[in-house]
Amino acid sequence: MPRPKELWHHLPTQALAIVRQMDWLRGLRAAVALSAPLVLGDVLGIPNLGWAGLGGFEAILADTGGPYRSRMSSLATLSLGGAAGVFLGSLTGGSLHWALPVTVLWCFLWSYLAVLGQPFTSAGLLVQVVFICGIGAPAANWREALGLGLLLLAGGAWATLLSLFLWPLDAYRPARGAVADCYTELASFLGSVIDLSGRERQRASLWHRLAQHHQYRVRRAVERGWEAVANVRAEHLAETAQSHNLVVLLESADMLIARTVALAEHLEAQSTSEAAGSSACVARGVSGLDELRAAEAWVASFLVRRGSETAATVRAKCEELERLPRTLEGCLGDVDASGRFLLAQVAESASLIETSVESASQLRLGGALGRARIGPGASAGHFGYVYERLGQLRQGWNLDLLAANLTRDSLTLRHAARVSLVCGLDVAIILLLHINHGYWLLMTSLIVLQPHVSGTLRRGMERIGGTVGGGIVAALLAMALHSQLATAAILFPFALLALAIMPVSYAAFAFFLTPAFVLAWMPTPGDWQLALWRIGNTIAGAVLSVAAMMFLFPAYERDRAPQFLRASIAADRRYLGELAAAWRSRSKSSRVLANARRATGLAHNDTEESLERLLTESWPRRRPFARFATAFVTYLRRFAQGVTTLTALEGEWQWKQSGAVQSRLELLDRRLEWLEEQVGKGAHSASGLWPEPGLHDLQPPIPLEDHPGERQLERLERQAGVLHRQLLSLRDHGWIPGATRV
């Protein structure tokens, strides 16, 4: 356990890391959008401009970034939907007979529309929040309700003007930022590999953690990069040089994932291999990894901040990357097969990063360095599959999903029904009991409710903790504020910090948001008791949400976990099958293997998220099975990592096509099939026989030296055995996904 002095020593570094993660620009926009209407209303004596401030703040919340078209759709959806929501809410808020059915229908509609994706996923919840604010401010007649709706619409228009025109952004900046995140994660991945491989004691658990943490983040970043580029291309009818270079950068990043995984697997195997030797050439290759990491970080920085970079500095960076492969090629004959494999991965990675540097240069500086390896015509040939994928990503709404999700098994339908019933119950409670500022109770129930039990529990704790802390601060500030102008001045930093820190911590977001809204909605200056009502209503709303999640159409992860586990095993099987087929046919088509690798990474990301939700649901009873379930999921990813390493093995066709190797790959396939069947059958089925090797599988390997392919194949066999043992342990401890109640 770290000592207090060590914690204090690392505190500034951790604080700086949090500050860098905060979205300061979005926070500043939110603060201006909220505070400006309040100041204007106080100076000009215009009442109810707080509704315009609310519309502006919620619009900035709905603006999740991206190209202008997607941002405009989110802002317009929030502004128009919110205006309609305020009108309906304030018009019906004074009568239970009208408020109850309208709330149920409105909340169900906007919750269910999330099945269509953006902009409803980002704006739908906020439209419901604004509707609830209208419930809390019932109007005397339809003209007053219409006026409130128009004020909120004006606030949304003000936020749109602020976001898209007063602070304009380069149309390609969001996509460049998303691609830069890919290279940041790649540099972090390679940096961790370098750090761990350089330690004298390399525990297997650290390699497991490295594989799980970094591969999840890199794959997620690359997928977000593809979506961002697809959104940018949707705004241009013709292909542009910028989007083409972004495609090259993303494709290079995708291939760098495979190379980095292969390097990590190889260095881990080397650390445990008795035959692992070293030479000056191998040492040069290992030391070159830090050059690759620095180059990846340089690409990430260059994409978002041009700085003082020129064509000359870019050309020098390319020459540095060119020297590394040339140096390694000169000594390939002096190392064994294992060393050749390592040096080949380093050289290929350097070549890929050099391509990335060239494409980044064309994006940021324009023109070409006279060195580009992929010309504009490549988009129709080598990158044809990429543009097909981009076309699929930028398709419009699939309205068939509305009908397809009208089933009992639909998570979205169950969530929408749960939200509508809980909000209807809350409306009945606050109107019948005349709860002071009861709309905060209703709002908390809406925000805390998530599609999953685990998400609801987590969000409820974060909301309560942040609101209690923020409520205390709000009460203290309320006693010291005696004018609207002073209140607006205090609102500005709280609104800024709330939106800026939201990507880092939802609890911190709730902490800063509470004073902002308590002070903004104080009926009279100095009314500190309003903060206590906020705290009490928040706690009551969170408790109601958690209770509803447990009893109203509960969506427990234990019922869905088997689907994710089986999908991960099936993805590993397909990846292994594509590898065996490529070896049998001597195929050099890397595209099929890359698609299988991507599908495997996405499946493992989904499974790890499912496991996290499962462990959250079953706390504190998770101790008996958490270790085995976590190990099982971890080794599924490690198995795919081993297959990726084998795909990076060049040549060696005699070994790849030998009967012994092909037979062992077939045995691994049968074992994965056995695991998939056992997970699907559950704990109450009879256990089939674990596939054992035949005589042909036990033949000695062809290479007599320390062969990297043979070593990785042996690792795959051991990992399959670990998966077998972990599954048996889960059964012995009375837990198999979907079979028993955890």
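The rules behind these values
Residues numbered from 1 in each chain as written. Predicted model: local features only at pLDDT ≥ 70, side-chain atom pairs only at ≥ 80, totals over all residues. Heavy atoms only, no water. Axes fitted to C-alpha atoms, helices over the stretch in contact; angles between N-to-C directions. Helix = DSSP H or I, 4+ residues; strand = E, 2+ residues; numbered from the N terminus. Parallel < 35°, antiparallel > 145°, perpendicular 65-115°, else oblique. Left-handed = near helix turned anticlockwise from the far one by under 90°. Contact = heavy atoms within 4.5 Å. Nonpolar A, V, L, I, M, F, W, Y, C, P; charged D, E, K, R; others polar. Salt bridge = Lys/Arg side-chain N within 4 Å of Asp/Glu carboxyl O. Phe/Tyr/Trp six-rings, centres within 6.5 Å; stacked < 30°, edge-to-face > 60°. Buried < 20%, exposed > 50% of the residue type's maximum accessible area, 1.4 Å probe, protein only. Lys NZ or Arg CZ within 6 Å of the ring centre and 35° of its normal. Core = buried A, V, L, I, M, F, W, Y, C linked by side-chain atoms within 4.5 Å. Patch = residues over 30% accessible without salt bridge, like charges linked within 9 Å, V, L, I, M, F, W, Y side chains within 5 Å. Areas by Shrake-Rupley, 256 points an atom, 1.4 Å probe, with all protein chains shown as cover. 1 Å grid on protein atoms, 1.4 Å probe; cavity = no way out; pocket = protein on both sides within 12 Å on 5 of 7 lines; lining within 4 Å. Points joined across faces, edges and corners; volume = space filled by probe spheres on them.

As a packed pair, helix H6 (residues 120–135) and helix H17 (residues 439–448) sit with axes 9 Å apart at the nearest point and diverge in direction by 165°. Here H17 runs roughly antiparallel to H6, going by the angle between their axes. As H6 runs across H17, the sense of the crossing is right-handed. From H6, Leu-125, Gln-128, Val-129, Ile-132 and Cys-133 reach across to H17, where they touch Tyr-439, Leu-442, Met-443, Leu-446 and Ile-447. By residue class, the composition of the contact of H6 with H17 is 9 nonpolar, 1 polar and no charged.

Inspection of every chain in the model, using the stated rule, returns 19 salt bridges. Linking Arg-573 and Asp-669 is a salt bridge whose minimum nitrogen-to-oxygen distance equals 3.1 Å. Here Arg-573 is found in helix H22 (residues 557–585), whereas its partner Asp-669 is found in helix H26 (residues 659–681), with 96 residues between them in sequence. Three or more residues joined by partner-sharing salt bridges are found here, namely Arg-219, Glu-223, Asp-254, Arg-597 and Arg-598.

Following the criterion strictly, the structure yields 10 aromatic pairs and no others. On the basis of an interplanar angle of 35° and a centroid distance of 4.9 Å, the ring pair of Trp-298 and Phe-302 is categorised as tilted. One end of the pair is Trp-298 and the other is Phe-302, both in helix H11 (residues 280–304) and 4 residues apart, which spans about a single turn. Residues Trp-298 and Phe-302 agree in their burial class; the two are buried. Relative to Trp-655, the ring of Trp-583 lies with its centre 5.6 Å away and its plane at 65°, an arrangement referred to as edge-to-face. Of the two residues, Trp-583 sits in helix H22 while Trp-655 sits in helix H25 (residues 653–656), which places them 72 residues apart along the sequence. Take Trp-583: its relative accessible area is 3%, and that puts it in the buried class. Among the aromatic residues, ring-to-ring pairing joins Trp-106, Trp-110, Phe-120 and Phe-131 into one connected group. Just above the ring of Tyr-506 sits the side chain of Arg-459; from NZ or CZ to the centre is 3.9 Å.

The subject of this paragraph is the nonpolar core. Core analysis: the largest hydrophobic core is formed by 78 residues, its most contacted members being Trp-51, Phe-57, Leu-78, Ile-132, Met-443, Leu-499 and Phe-509. For this core, the element with the highest residue contribution is H6, accounting for 10 residues. The contact partners of Ile-132, leaving out residues within four places of it in the chain, are Tyr-439, Leu-442, Met-443 and Leu-446. Residues Ala-180, Val-247, Leu-250 and Leu-324 belong to the second largest nonpolar core, which totals 52 residues.

Taken together, the side chains of Val-39, Leu-40, Val-43, Leu-44 and Ile-46 define a hydrophobic patch exposed on the protein surface, amounting to about 430 Å² of accessible area. Within the secondary structure, Leu-44 is located in helix H2 (residues 24–44). By relative accessible area, Leu-44 is classed as exposed at 55%.

Applying the stated criterion across every chain, the model contains 2 cavities of 30 Å³ or more. Size it by volume and the largest cavity reaches roughly 130 Å³. Residue lining of the largest cavity: 13 residues in total, with Gln-215, Ile-257, Arg-597, Gly-601 and Arg-637 positioned closest to the centre. Where the lining of the largest cavity is concerned, the elements lending two or more residues are helix H9 (204–234), helix H10 (241–272), helix H23 (590–618) and helix H24 (623–647). Residues that form the lining of the largest cavity fall into these classes: 4 nonpolar, 6 polar and 3 charged.

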